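Each chain, written out:
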Amino acid sequence: MTAATMSLIQAIPGMGALRAIAVTIGALLRQPSGALGFLGVTFFLAMAFIGPAFFPIDIKPKLDKIYLLPSAEYPLGTDYQGRDVLSQIVHGGRDIIIVATTTALITTFVAVTLGALAGFLGGWFDSIVLGIADIILTIPQFPLLLVLASFVRLNNIVLLGVLLAALGWPALMRAIRSQVLSLRQRDYVEAARCLDLGTAHIVFQEILPSMSGYVAISFTLGMINAIFLQVGLIFLGLVPLTGNNWGVMLQLAWVRGAIFYKNALAYILAPVIAISLLQLSLILLARSLEEIFNPRLRKGN
Amino acid sequence: MTTLQASPAGARPGEGTPVPLISLEDVRCHFRTPRGVVKAVDGVSFSAAPGEIVCLVGESGCGKTTAGKIAAGLLAPTGGRVLFEGHDIARLRGQDFNRFRRGVQLVHQDPYASINPLHTVGATLAAPLLRHRFASGNAGARRRAAELLDLVDLTPSADFLDKYPHQLSGGQRQRVAIARALTVEPRFIVADEPVSMVDVSIRISLLNTMLRLQRELGTGFLFITHDLALARYFAWGGRIGVMYVGRMVEIGLASDIIARPQHPYTRALLSAIPEADPEVTRNKARVELRSLEIPSLFRLPSGCTFHPRCPLFEEGTCEVATPTLARPAGSVEGSHEVACHLVTRSA
């Protein structure tokens, strides 16, 4: 990494948030994996939120066009009712990304707030938060989701995100808490205590900003985890099959027996590849962010 | 370093002052560790009048930093009391506690760790100014921050307000740390080895800045150092306390301690200071210690903790009883106290 980049990165925290984001993106684009991850995520976001405006979804069953191979008219072939697979892929990303983002947002917010306060305040607050977290952590997540999903009608995608977040925050909370436990020993935190700057200022101005990189990475990892969980739930048929998303496509391909038709290969693989590519982009992005924010992982310096 | 002796005069020491600004009374700080109890500070008492300079000197591990943190209220003692204007700080509540909290500030040893690297100098100073209403509005805070930077000789101050700590040198950072302590207009500053991480060439100017603050603002200082030469320079008008493994072994007027050291440990420390003139250094009478080993804090020697190293060691006395601070033979009342059986015997 060049000296110029280094100084830019060092200057990040004090600048406005927008400036910091611009600098981070600049640093991302300078490394191959970061550029790939960033462009990949941008591509999927654009496809999921802008794409539907240009590609109307094909919902009309066409009995003469069932399981067609990819062609100029149907680039990804057709499904068991002769509908265009490409349009389903374009429309199918939105819900997945919304659930993943909702989950990651809530998870990160809850985990960072509780973890920072528990680590800094200690005492009874710490004990209670840790107790709750440990209880949630000891319950196997996916089986619990299976049980919950059969009780709660998860027809609202935001509700699904909230449910995933309710189970997802403890791990990140513990990580944040242990980092705060080490950061609170810093001299500048002691100086802030001595100056009576208040808990809110110390936690949110002195301690948390130095963890912003870690939080950004955790956010991305939270999205990855949420995507796996929700697609798993949908595939098992535990979330009502409303709307279009890649999980629903997979589930339908499975229950309609598409795997028995060799011409349906593109139909089955399309959502699998879409999910994998989105996950891969997020992983590359997270890894590059980690390299940017964590100087110890920087190469060639 | 003989030139250092011509140091500026500080405030008059605490002789006969009615209520000391801050005083430690028989303060103990024992840490429980898996290997046993560590008596980091074991029965230390001293006080500082408003505007007075008190210097704590001792080897690393003698408890001087712990004593400083206790005086600043950042660490609760396991025994004894800390009084601020005559009131036990452990009993202060609400407004009274806030007055103490702001009244006593700390300057850390390491200026690379004591300033948050993510904030500009201006932001670092503005936070306490705004929170405690020493300035109103961002413009007001900026103006006051600039004044404070001028006060600690970071000029032109406008150039420093928008700088990040990594753009500053160690000495400049330490000045920012001092300015930050000054934001809340403290009456007493605990300076924990404030120049030990700073280049030797600028130590004196940093000490002079602090001495000027003491003169102009009347701020008292507890100056913690392992370097008796620095103590001699900084506390020339004040008092020096010498600590050895958690106890105060000698305390008195700086001029008295330097000119007439009584405790064998103080004598050994003073004799080890090199002088600017190599001829003088070579001819200095060295105090020979019986051992150079600092005792382990887990197994302190019985009686006087210094006895295994002490050149005056007398069997049957020193390893039996713990000496307490008392006036040495032939000194003026209140000017000098020493904890040594042999030195105080004939008093």
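Please read these numbers as outputs of a predicted model, since none were measured by experiment. (Residues numbered from 1 in each chain as written. Chains lettered and ligands numbered in written order. Predicted model: local features only at pLDDT ≥ 70, side-chain atom pairs only at ≥ 80, totals over all residues.)

(A) Highlighting the overall build of chain A. Scanning chain A from terminus to terminus reveals 13 helices and 0 strands. Its helices and strands in sequence order give chain A the pattern α-α-α-α-α-α-α-α-α-α-α-α-α, from N to C terminus. With respect to the principal axes defined by its C-alpha atoms, chain A has extents near 80 × 50 × 30 Å. Looking at chain A as a whole, 40% of its 301 residues are labelled buried. Partitioning the intrachain contacts of chain A with sequence separation of at least 6 by distance along the chain shows that 71% fall at a separation of at least 24. (Helix = DSSP H or I, 4+ residues; strand = E, 2+ residues; numbered from the N terminus. Buried ≥ 20, exposed ≤ 12 C-beta atoms within 10 Å, placed from the backbone. Contact = placed C-beta atoms within 7 Å.)

(B) Representation of the sheet that holds strand S4 (residues 79–84) of chain B within the structure. All names here are of chain B. In space, the 4 strands of this open sheet follow the order S2-S1-S4-S5, with antiparallel pairing throughout. Edge positions in the sheet fall to strand S2 (36–48) and strand S5 (87–88), since each has one partner strand and no second. Packing of helix H1 (residues 64–71) onto the sheet brings it into contact with strand S1 (22–33), S2 and S4, and relative to S1 it is tilted by some 120°. (Pairing = 2+ DSSP bridges. Axes fitted to C-alpha atoms, helices over the stretch in contact; angles between N-to-C directions.)

(C) Geometry of helix H10 (residues 199–207) of chain A. Residues and elements named next belong to chain A. Within H10, the full set of buried residues consists of Ile202, Val203, Glu206 and Ile207. Within H10, the buried residues cover an arc of 115° as seen down the axis, which keeps them to one side. On its buried face, H10 is in contact with helix H5 (85–121), helix H8 (157–183) and helix H9 (187–194). (Arc of directions from axis to C-beta.)

(D) Structural detail: the sheet that holds strand S3 (residues 53–57) of chain B. Residues and elements named next belong to chain B. Strand order in the open sheet made by the 7 strands is S6-S7-S8-S3-S9-S10-S11, with mixed pairing throughout. Here the strands that pair on one side only, and so sit at the sheet edges, are strand S6 (104–107) and strand S11 (336–338). Ignoring which end each strand starts from, the neighbouring axes of this sheet average 15° apart. Pairing analysis gives 3 bridges linking strand S10 (residues 247–253) to S11, with the strands arranged antiparallel. Looking at the pairing, Gly252 lines up with His336 of S11.

(E) Representation of the packing of helix H12 (residues 246–255) of chain A against helix H13 (residues 265–293) of chain A within the structure. Residues and elements named next belong to chain A. The N-to-C vectors of H12 and H13 enclose an angle of 150°; their axes lie 9 Å apart at closest approach. The angle between the axes of H12 and H13 places the two elements in the roughly antiparallel class. Crossing of H12 against H13: the hand is left-handed. Judged by residue contacts, Trp246, Met249, Leu250 and Ala253 of H12 engage Tyr267, Ile268, Pro271, Val272, Ala274 and Ile275 from H13. Taken together, the residues that form the contact of H12 with H13 break down as 10 nonpolar, no polar and no charged. (Parallel < 35°, antiparallel > 145°, perpendicular 65-115°, else oblique. Left-handed = near helix turned anticlockwise from the far one by under 90°. Nonpolar A, V, L, I, M, F, W, Y, C, P; charged D, E, K, R; others polar.)

(F) Region of interest: the interface of chain B and chain A. Contacts between the two partners involve 23 residues from chain B, matched on the other side by 18 residues from chain A. At the level of secondary structure, the elements contributing two or more residues to the side of chain B that touches chain A comprise helix H2 (94–103), S6 and helix H3 (121–131) of chain B. In terms of residue class, the side of chain B that touches chain A is built from 10 nonpolar, 8 polar and 5 charged.

(G) Molecular detail of the environment of B:Asp26. Residue and element names in this part refer to chain B. Within the element layout of this structure, Asp26 appears in strand S1. Asp26 sits in the exposed class, given 12 other C-beta atoms within 10 Å. Measuring from C-alpha to C-alpha, the distance between Asp26 and Cys310 comes to 24 Å, with 284 residues separating the pair along the chain. Not counting residues up to four positions away in its chain, the partners in contact with Asp26 are Gly43, Ser45 and Gly80.

(H) Summary view of the environment of B:Gly218. Residues and elements named next belong to chain B. Its location among the elements puts Gly218 in the loop between helix H7 (200–217) and strand S8 (220–225). For the pair Gly218 and Arg282, spaced 64 residues apart in the sequence, the C-alpha separation amounts to 40 Å. With near-sequence residues (within four places) excluded, Gly218 lies in contact with Pro50 and Gly51.

(I) Inspection of unusual backbone geometry at higher detail. In this structure, B:Pro156 follows B:Thr155 across a cis peptide bond, with omega equal to -5°. Relative to the helices and strands, B:Pro156 is located in the loop between helix H4 (137–151) and helix H5 (157–161). Positive phi, close to 60°, is recorded for A:Asp196, a residue that is not glycine. Secondary-structure assignment places A:Asp196 in the loop between H9 and H10.

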